[in-house]
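Structural description and commentary
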Amino acid sequence: MRRVLILGGTAEARALAARLTGVHVVSSLAGRVSDPRLPAGEVHIGGFGGAEGLAAWLREHRIDRLVDATHPFAERMSASAERASRLTGVPLLALRRPGWDEDDGDDWRRVPSLPDAAAALPDGARAFLTTGRRSIPVFAARAGVWFLARSVDPPEPPVPPNVRVLLARGPYTVDGERALIREHRLDVLVTKDSGGAMTRAKLTAAREDGLPVVMVDRPALPEGVQATGDVAAAAAWAQG
C-alpha cells in the first residue's frame, strides 16, 4: 500500500487526509497549538529535526509521497520538505490555499515582512493584530501603537502593556469582527495573506468600516516545487 505523509495542521491538510483512500496516510502536526484539530488517520506530532531528520523519517517509514500542506507562512518547514524530497527522491507536492484578492472598496497596503508591517503603522494607531502570537514581539516594540492581538493560544509572557490578547479560534463572522472593531475603537487591521474563507470575515468588516489593511505578502515556495490549491488535485496526485 502506498504511504503518504502530509505535513501541516491546516484545514486543507485535514481535508486531504479525509479524502485519501487506498493509501496509508500519516499527518504531521508541529505541536505548537495546545488543542489541535486532528485529521483522519495516523498522526505524528512534533518536529523531525530539520531537513535531514525529515529525510531519515521518510526513509524509515517508507514514505512514497510527501505533501506540504503547512501554513502558507511556514517558510522553514517548506524549505525542509523541499530538501528532504531531494535527499530521498520522494516526490513532493505543495498544497496551498489561494491568497486573498483585493475587492472594490478595500484599502490594502502590501508589505513584504512583519517588521515592514510594524513600521507601516502610524503612531497613535489602534491595531487589530491577526498575525499570530509569535509575531507579537515584533509589533509590541511600536510603543506608540495599541494592539488587540488575537491568537489561538496565549503568547509567551510577559505581554507588553500596549498589547491586549484575545484568545479565539475561527471561523469568524463579519458581525463578530465588526463588533470587535467598534468595541475596541480599532482603526487598522494587520494580517498575513494566509487566504481561506475561515478568516476572511475580518477583511470584509475592515472594508465596511473603512479600515485600512496592512497585508503581509506570503513567502514564495522553494524553487521548483510543484504546487496546487485544489484538495481534489492533491488527492489524485497522492493516490496516482
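Structure: see above.
Summary of the structure given here. On a predicted model such as this, the values are computed, not experimentally measured, just so you know.

1. Observations regarding the overall build of the protein
Looking only at helices and strands, the protein features eight helices and 12 strands. Taking 240 residues into account, the globule formula puts the C-alpha radius of gyration at 18 Å, and the protein, at 19 Å, falls close to it. Along the longest, intermediate and shortest principal axes, the C-alpha atoms of the protein span 60 × 35 × 30 Å. Residue burial in the protein is summarised as follows: out of 240 residues, 48% are buried. Long-range pairs, those at least 24 residues apart, make up 63% of the contacts in the protein between residues at least 6 apart in sequence. Of the side chains in the protein, 31 bear a positive and 29 a negative charge, and the two mean positions are spaced by 5 Å.

2. Things to note about the sheet that holds strand β11 (residues 213–216)
In spatial order, the strands read β6-β11-β10-β7-β8-β9; together these six strands make up an open sheet with parallel pairing. One side of each edge strand has no neighbouring strand; the edge strands of this open sheet are β6 (108–111) and β9 (163–167). When strand polarity is set aside, the average angle formed by the axes of neighbouring strands in this sheet is 20°. The pairing of strand β7 (residues 126–130) with strand β10 (residues 188–192) spans four bridges and is parallel. In the sheet register, Ala127 faces β10, and the bridge partner there is Val188. On the sheet, helix α6 (residues 174–183) packs against β7, β8 (146–151) and β9 and is oriented at approximately 150° with respect to β8. Its contacts with the sheet place helix α7 (residues 201–208) against β6, β7, β8, β10 and β11, and it is angled at close to 155° to β10.

3. Side note on the packing of helix α2 (residues 50–60) against helix α3 (residues 75–88)
How two helices sit against one another is set out by the angle between their axes and by the gap between those axes. It is at 8 Å that the axes of α2 and α3 come closest, and there the two elements cross at 50°. It follows from the interaxial angle that α2 and α3 lie oblique. By crossing handedness, the relation of α2 to α3 is classed as right-handed. Residue-level contacts link Gly50, Ala51, Glu52, Leu54, Ala55, Leu58 and Arg59 of α2 to Met77, Ser80, Ala81, Arg83, Ala84, Leu87 and Thr88 of α3. Residues that form the contact of α2 with α3 fall into these classes: eight nonpolar, three polar and three charged.

4. Things to note about the sheet that holds strand β2 (residues 24–29)
Read across the sheet, six strands follow the order β3-β2-β1-β4-β5-β12 without closing on themselves; strand pairing throughout is parallel. Looking at which strands have only one partner, the edges of the open sheet turn out to be β3 (42–45) and β12 (226–228). Strand-to-strand twist in this sheet, taken as the mean axis angle between neighbours without regard to direction, amounts to 25°. In the packing of α2 onto the sheet, the strands contacted are β1 (3–7), β2, β3 and β4 (65–68), and the crossing angle to β1 comes to about 155°. Strand contacts of helix α8 (residues 231–239): β1, β4, β5 (92–95) and β12, with the helix running at about 165° to β5, the strand carrying the most contacts.

5. Looking at the side chain of Lys192
Counting through the fold element by element, Lys192 comes out in strand β10. No salt bridge is formed by the buried Lys192. Its closest oppositely charged neighbour is Glu75, at 9.8 Å. A polar atom in the side chain of Lys192 sits 3.3 Å from the backbone oxygen of Thr131. Apart from residues lying up to four places away in sequence, Lys192 is in contact with Phe73, Trp100, Leu114, Thr131, Met215 and Val216.

6. Quick notes on the nonpolar core
Leu121, Phe139, Phe147 and Val190 are the most contacted members of the largest nonpolar core, which totals 19 residues. Elements supplying a minimum of two residues to this core: α4 (114–119), β7, α5 (136–140), β8, β10 and β11. Looking at which element gives the most residues to this core, the answer is α5, with three residues. For Phe139, the contacting residues outside a window of four places in its chain are Leu114, Ala117, Ala118, Leu121, Leu129, Thr131, Phe147 and Val190. Judged by nonpolar contacts, the second largest core, of 17 residues, contains Ile6, Leu16, Val23 and Ala234.

7. What about the pairing of β8?
Counting buried positions along β8 yields five of six residues, so the element is predominantly enclosed. Alignment of β7 against β8, held across four bridges, turns out to be parallel. Paired with Phe128 across the strands is Leu148, a residue of β8. Bridge count between β8 and β9: five bridges; the pairing is parallel. Directly across from Phe147, in β9, lies its bridge partner Val163.

The rules behind these values
Residues numbered from 1 in each chain as written. Predicted model: local features only at pLDDT ≥ 70, side-chain atom pairs only at ≥ 80, totals over all residues. Heavy atoms only, no water. Helix = DSSP H or I, 4+ residues; strand = E, 2+ residues; numbered from the N terminus. Rg over C-alpha atoms; globule rule 2.2 N^0.38 Å. Buried < 20%, exposed > 50% of the residue type's maximum accessible area, 1.4 Å probe, protein only. Contact = heavy atoms within 4.5 Å. Lys, Arg positive; Asp, Glu negative; His and termini not counted. Charge placed at Lys NZ, Arg CZ, Asp CG, Glu CD. Pairing = 2+ DSSP bridges. Axes fitted to C-alpha atoms, helices over the stretch in contact; angles between N-to-C directions. Parallel < 35°, antiparallel > 145°, perpendicular 65-115°, else oblique. Left-handed = near helix turned anticlockwise from the far one by under 90°. Nonpolar A, V, L, I, M, F, W, Y, C, P; charged D, E, K, R; others polar. Salt bridge = Lys/Arg side-chain N within 4 Å of Asp/Glu carboxyl O. Polar contact = N/O pair within 3.5 Å; in protein donor to acceptor, adjacent residues only side chain to side chain. Core = buried A, V, L, I, M, F, W, Y, C linked by side-chain atoms within 4.5 Å.

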